[in-house]
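# Tertiary structure, described
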Amino acid sequence: MSGDRQPRSVIRFENWVFVPDQEPDAEPITYAMQCAVCEEQSAAGLDYTEGQAWALRHSGRNPSHHTYRELVTRPWRCWMRGY
Ligand SMILES: [Zn+2]
């Protein structure tokens, strides 16, 4: 069909609020580093510098592994507005 600007399955999001969870009981934000060469990864922790230290040690042991991904786990929450 031409001129079809709407997605085929429409979910009605307008009554939902979706935000990073900053409530006191929210799960913590955690950080880890993953080697992009061999996929090995550090433990997830609250301190992002631990992952960076792990990456430097990992490159020290594996001198050809130079690229990493930072894995950030951030809690979010949603709720239905109103009613
Ligand atoms: Zn590696």
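What this report covers is the structure whose coordinates are included nearby. (Residues numbered from 1 in each chain as written. Predicted model: local features only at pLDDT ≥ 70, side-chain atom pairs only at ≥ 80, totals over all residues.)

### What about the overall build of the protein chain?
For the protein chain, the count of helices and strands is one helix and four strands. Walking the protein chain from its N terminus toward its C terminus, one meets helices and strands in the order β-β-α-β-β. Scored against the burial criterion, the 83 residues of the protein chain give a buried share of 10%. A separation threshold of at least 6 residues defines the contact pool for the protein chain, and within that pool the share at least 24 residues apart is 57%. (Helix = DSSP H or I, 4+ residues; strand = E, 2+ residues; numbered from the N terminus. Buried ≥ 20, exposed ≤ 12 C-beta atoms within 10 Å, placed from the backbone. Contact = placed C-beta atoms within 7 Å.)

### Some details on the pairing of strand β1 (residues 16-20)
Counting buried positions along β1 yields zero of five residues, so the element is predominantly exposed. By the bridge criterion, five bridges tie β1 to strand β4 (residues 76-80) in an arrangement that is antiparallel. Counted as the bridge partner of Trp16 is Met80 from β4. (Pairing = 2+ DSSP bridges.)

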